[in-house]
Structures are given as C-alpha cells and as structure tokens.
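Next come the chains, spelled out residue by residue.
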Amino acid sequence: MKKIFLIIILIVSQLTALMAQRSFENLDAILAYANSKSIAIQSNDIRLLQAKKAKLAAKLAIADPMANINGNFTNNTRLPVNLFPAEIFGGQKGEFREVQTGVQYNTASSQNLDIKLLNMEAWQNYKLADINIQISEADNSLNTKNLQENIASAYYNIVQLNAQLESTKQNLLVADTLMQVAQNKYNQGIVKQQDVNDSRVNQLTIKENIKQIEYLIKQNYISLKILADIPESENIEIIEKVVTNIPLVKPLVQFNDLLVRSNMLKEKYALENIEKTKKTMTPTLSFVASNSFNQFNNDFSFFQGNWITSNYVGLKLNFTLPNANMISNKTKAYFDYELAKKNTQQAQIKVDLNSKQLSNDYEKAISQQQSNAEILEIQRDTYEKNKNLYAEGLIGIDRTLNSFNAMLNANYNLITSKVSILLAQSKIDINNKIK
C-alpha cells in the first residue's frame, strides 16, 4: 500500500511539473512571454509615467500658486515692560516710568496668496518636461529592441545546441558501431589492441561532448531567464527544430533611425537646458494678496471682543542676482550640449552602417550554409568509404576516425550556419518592427 501511495505522489508531481512547464516553438512566442515578464520593460513604463507626471507638475509650476492660512492664540503670561517719559504721567522731566504694555490674550488669523504672472524659468522647465517624455518613449523603444535582440541570440543558441545534441546522440550510435567493428576485428586477430583503444576513446569523447552540450544548454537557459526576468522556479523549453531546408528569401532591411532620433531629442534637451540656465536670472512677477484678523482681550476667550481686520493686494517683482552656482550650471549646460551633438553624430554613423551590417550578416550566413552543406556531403561520403575500407582491412582506424570526426564537425558547422540564418532574419525583423 505504501509503495502504491509513493507511486501516486510521483505521478502527480511529474504531471504538475509538466503542467508548469512552458514550451516555445518560435521566437515570437518567447518574445511575447518576455514582454509580460521583463522587469526592464515594466521599469521603462514606470519611467515614462514618471516623465508624464513631471510634465503635469511643471505645468502647475508656471503659475506656482502658493496659499496659506495661519491661525494662533497667544497667552502672554508676562507682558513686556517699556520705559516712558515720566512727564507724560505728571512726573519730573528727564525721569522715566516703567509701564507694562500689551494685552494678555491675542487671537490672530491670516490668509496669504502668491500667484506668479511672469515666470520664464518655469515655462522653460515645462518645455524640458515635454522633451523628456519624448526621450523616455524613444529610449523605451531602444531598450526593448536591444532586449529582444539579446533574447533572440540566447534563444537561437539553445536551438543550435539542441540540434547539435540530437546530432551528437545519433553520431554516438555510429561510434558504437565503429567500436564494435574494431572489437570484432580484434577478436579475430586482424587488428591490434590500439584500434580498439582508439575507437573507445572516440566513443568516450562523443559521450563527453553530449554532457558538455547539455551543460551549455542549461547555461543558456539561465542566460535567457536572466534576460527575460523569468523566475528560476518556472520551467521553460525551446522546442523549435532546425529544418533541413530553410527558405532562402532575403528579407528587406528597412532603415531604422531610432537611435538617431533618441540622441537628437537629447541634443534638443541639452540646448533647451542652456536656455533654462539663462532664464534662471530673469525676474519673476507675482500677484500677492493678504487678509488678516486680530483680536486682543484680557479674558481667556476666542470669540469675545472686537476683531481688527487688515488686508492688501499688489504685485511683487523678484530679481535673482547671479551667483557661482548659476554660472557653474550655465557652463555645464554648454558642455553637455556639445557632448550631445557628438553623440548624435556618432549615432548617425552607427545607424547608417547598421542596415548594411544586418544585410551582410544574412548574406554571410547564407554563403556559409551553402558551403557547409556541400562540405558535409563530401565528409559523409569520405567517412562511409573509409568505414568500408577499414572493414575490409585496407586502411587503419586512425584514418577512419579522422574522417568520422571531420564529418561530425562538418555537421556542427552546418547546424551553426542554419541557425545563423534564423538569427539574422530575426534581427532584421526586430529592426523593421521596433523603430
């Protein structure tokens, strides 16, 4: 009964693991999943929202309304004493008398308002906030594009390694057969023990290659999870296969100036920031108003007695004199603008070459695939002939193993070139889509 219970638990756990595992049969599927999981993309959205909120705050700061209401109740427990000429009270001239002044209880309330009518620096900050939103949008697209390109590289590394693993397992069967042939020939006294040893080493090498490829696959899955912010607890599986015949239709590489536009916006921001440093020295004109109520009495009361009211309205002009900090900010703004112009020039050169590089990478992969396909056929034919010659005792095991390993490497190269075509295509698609 206990064994049955353990078997049931094992089956349930395996089914749970399978249900929790996500399989992806193409790059678009993993990219869509990464968009929903990526903390980097979520952070981009937060930064964009922050920029939009900053624009609203900058708009409010143009008028910069300031209003306050103050109220207080004071109990003067000991009133101040002042000296007055004694002659006021009928005393001698030149003498002074101590007189206690003021009222013990004082209730006061005031309301003040300050609204800026002229605020050039705030208007400039509003323009900068608007440009900053555009920069955030462009940078978000750039970050997404770079992220998808990196995910594509990790994804196709796994596709390539899966194909190589499958090929290596098939070749292990061939190596086992070759090992058996050598063993049979040794048992018959036709070859020396060295032939058996060499074929055995070849067999062990292929087995170790299988283990190393499996380690590399695990490593690339980890890299993919890191890129897409997929938790370690989630199991994912790449099931796309490298097809025998890849459609060789060269995609059109569209011009993508996203990087240039991002740097041009930053250059514009730097230029407007120079204007902002200039306008920090311009005066501000404000409308001001105030209304106050005061009550004085000798009784502990908030509401009894007469209220004395005073108020005013007017305009306030503020001038800010230049200081070391303003001069330093202005100088820094000029240099930031010069650096931004250089970055734009560099970005222009980069994007002009990027389209050519994408096209060249695709053509290079096509050329390699065609050459590697021919080389594999030649190496496979050489191995088959050498295997037959070895079986007939016409050549040694060394030439047979060399031709076998050459065929194995040629197959690896063909798989790599096919995956390079798929990666080049995906990068062109990403380039054409995110711009």
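Since we're looking at a predicted model, the values are computed, not measured. (Residues numbered from 1 in each chain as written. Predicted model: local features only at pLDDT ≥ 70, side-chain atom pairs only at ≥ 80, totals over all residues. Heavy atoms only, no water.)

(A) Here's a closer look at helix α6 (residues 258–279). The end-to-end C-alpha distance of α6, which contains 22 residues, comes to 31 Å, matching closely the 32 Å that a straight helix rising 1.5 Å per residue would cover. Taken as a whole, α6 has its buried residues at L258, V260, S262, N263, L265, E267, A270, E272, I274 and T277. On its buried face, α6 sits against α4 (120–187) and α7 (324–391). (Helix = DSSP H or I, 4+ residues; strand = E, 2+ residues; numbered from the N terminus. Expected span 1.5 Å × (residues − 1). Buried < 20%, exposed > 50% of the residue type's maximum accessible area, 1.4 Å probe, protein only. Contact = heavy atoms within 4.5 Å.)

(B) Spotlight on the packing of aromatic side chains. Applying the stated criterion across every chain yields a total of 4 aromatic pairs. Plain terms: the ring middles of Y155 and Y156 are 5.0 Å apart, the flat faces sit at 85° to each other, and that makes the pair edge-to-face. Residue Y156 is classed as buried on the basis of its relative accessible area, which comes to 7%. Residue placement shows K185 over the ring face of Y390; its charged tip is 5.3 Å from the ring centre. (Phe/Tyr/Trp six-rings, centres within 6.5 Å; stacked < 30°, edge-to-face > 60°. Lys NZ or Arg CZ within 6 Å of the ring centre and 35° of its normal.)

(C) Structural context of the pattern of salt bridges. Tallied over the entire structure, the rule returns 14 salt bridges. Close ionic contact of D139 with K266 constitutes a salt bridge, the shortest N to O distance being 3.5 Å. Of this pair, D139 sits in helix α4 while K266 sits in helix α6, and the two are 127 residues apart along the sequence. When the shortest N-O distance is used, the salt bridge between K332 and D336 registers 2.8 Å. Here K332 and its partner D336 are both found in helix α7, 4 residues apart, which amounts to about one turn of the helix. (Salt bridge = Lys/Arg side-chain N within 4 Å of Asp/Glu carboxyl O.)

(D) Spatial organisation of a nonpolar patch on the surface. Together, L113, L117, L118, M120, F287, V313 and L315 make up an exposed nonpolar region whose accessible area comes to about 620 Å². For the nonpolar patch, the elements supplying multiple residues, two or more each, are β5 (105–118) and β8 (307–318). Examined against the element boundaries, M120 turns out to sit in helix α4. Judged by relative accessible area, which is 31%, M120 ranks as partly exposed. (Patch = residues over 30% accessible without salt bridge, like charges linked within 9 Å, V, L, I, M, F, W, Y side chains within 5 Å. Areas by Shrake-Rupley, 256 points an atom, 1.4 Å probe, with all protein chains shown as cover.)

(E) How the structure looks around the side chain of S199. Tracing the backbone shows S199 in helix α5 (residues 193–228). In this structure S199 comes out as buried when scored by relative accessible area, which is 1%. When neighbours within four sequence positions are excluded, S199 is seen to be in contact with L178, M179, A182 and L401.

(F) Region of interest: the nonpolar core. Formed by 61 residues in total, the largest nonpolar core has its most connected members in L27, I30, I151, Y155, Y156, L224 and I238. Broken down by secondary-structure element, the contributors of at least two residues to this core are α2 (27–37), α4, α5, β6 (236–238), α7 and α8 (397–433). Counting residues per element, this core draws most heavily on α4, which supplies 16 residues. Once residues lying within four places of it in the same chain are set aside, the contact partners of L224 are I30, I151, A154, I158, I236 and I238. Core analysis: the second largest hydrophobic core is formed by 5 residues, A270, I274, Y337 and A340 among them. (Core = buried A, V, L, I, M, F, W, Y, C linked by side-chain atoms within 4.5 Å.)

(G) Up close: the environment of Q42. The topology assignment puts Q42 in helix α3 (residues 39–63). Residue Q42 is classed as partly exposed on the basis of its relative accessible area of 38%. Taking C-alpha positions, Q42 is 31 Å from A333, a pair spaced 291 residues apart along the chain. For Q42, the residues in contact, after removing those within four places along its chain, are S36 and K37.

(H) Quick look at the sheet that holds β8. With antiparallel pairing, the 4 strands of this open sheet are ordered in space as β2-β5-β7-β8. Whereas interior strands pair on both sides, the edge strands pair on one side only; in this sheet they are β2 (66–75) and β8. Within this sheet the neighbouring strands show an average axis-to-axis angle of 15°, counted without direction. As judged from the 10 bridges shared by β2 and β5, these two strands associate in the antiparallel manner. (Pairing = 2+ DSSP bridges. Axes fitted to C-alpha atoms, helices over the stretch in contact; angles between N-to-C directions.)

(I) Up close: unusual backbone geometry. The backbone of D64 sits at a positive phi, close to 45°, despite the residue not being glycine. Looking at the element boundaries, D64 is found in the loop between α3 and β2. In the Ramachandran plot, D229 falls in the positive-phi region, its phi being about 55° despite a non-glycine side chain. Relative to the helices and strands, D229 resides in the loop between α5 and β6. By relative accessible area, which is 27% here, D229 ends up partly exposed.

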